[in-house]
Amino acid sequence: MSIISWIVLGLLAGVVAKILLPGRDPGGLIGTTLIGVAGAFVGGWISARFLDRPITTQFYDGATWLSAIGGALVLLIAYRILFGHSRSR
């Protein structure tokens with residue numbers, strides 16, 4: 001995948017993760033994209049390491065999307081555990 005594909009995948013995975021796990025999180029558009037892209041890497045690593053399912057580099061592969069969304073969820077949960085509700089309301 002090209003860098004543009006990773007950014008689009010990250011943005012959409014981050015948005016889906018924030019929809020599935022609502023609350024006050026850092027970010028905006030750039031933060032959501034960074035969480036999604038990092039989540040794609042984390043999800044791909046978890047999938048390859050623990051589930052013995054290496055992720056392909058195809059943009060339209062369902063496993064790639066599921067691992068990206070799952071990785072973004074893991075990062076959002078880790079952020080909330082580490083920093084709690086650090087943002088003012």
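Residues numbered from 1 in each chain as written. Predicted model: local features only at pLDDT ≥ 70, side-chain atom pairs only at ≥ 80, totals over all residues. Heavy atoms only, no water.

**Side note on helix α1 (residues 3–20)**
Link 1 in the chain: Relative to the 26 Å expected for 18 residues at 1.5 Å per residue, α1 spans 25 Å between its end C-alpha atoms, a close match to the ideal helical length.
Link 2 in the chain: When α1 is considered as a whole, its buried residues turn out to be Ser5, Leu9, Gly10, Ala13, Gly14 and Ala17. One side of α1 carries all its buried residues, which in axial view fall inside an arc of 155°. Summarising the geometry of α1, the exposed residues directed more than 90 degrees from the buried face are Ile4 and Ile19. (Helix = DSSP H or I, 4+ residues; strand = E, 2+ residues; numbered from the N terminus. Expected span 1.5 Å × (residues − 1). Buried < 20%, exposed > 50% of the residue type's maximum accessible area, 1.4 Å probe, protein only. Arc of directions from axis to C-beta.)

**As for the environment of Ile77**
Link 1 in the chain: Examined against the element boundaries, Ile77 turns out to sit in helix α3 (residues 62–83).
Link 2 in the chain: For the pair Ile77 and Leu21, spaced 56 residues apart in the sequence, the C-alpha separation amounts to 8.4 Å.

**Observations regarding the packing of α1 against α3**
Link 1 in the chain: For the pair α1 and α3, the least separation of the axes is 8 Å and the interaxial angle reads 55°. On the basis of the axis angle, α1 is oblique to α3. The hand of the α1/α3 crossing is right-handed. Together, Leu9, Leu12, Ala13, Val16, Ala17, Lys18 and Leu20 of α1 and Thr64, Trp65, Ala68, Ile69, Ala72, Leu73 and Leu76 of α3 make up the contact between the two elements.
Link 2 in the chain: Considering only residue class, the contact of α1 with α3 consists of 12 nonpolar, one polar and one charged. (Axes fitted to C-alpha atoms, helices over the stretch in contact; angles between N-to-C directions. Parallel < 35°, antiparallel > 145°, perpendicular 65-115°, else oblique. Left-handed = near helix turned anticlockwise from the far one by under 90°. Contact = heavy atoms within 4.5 Å. Nonpolar A, V, L, I, M, F, W, Y, C, P; charged D, E, K, R; others polar.)

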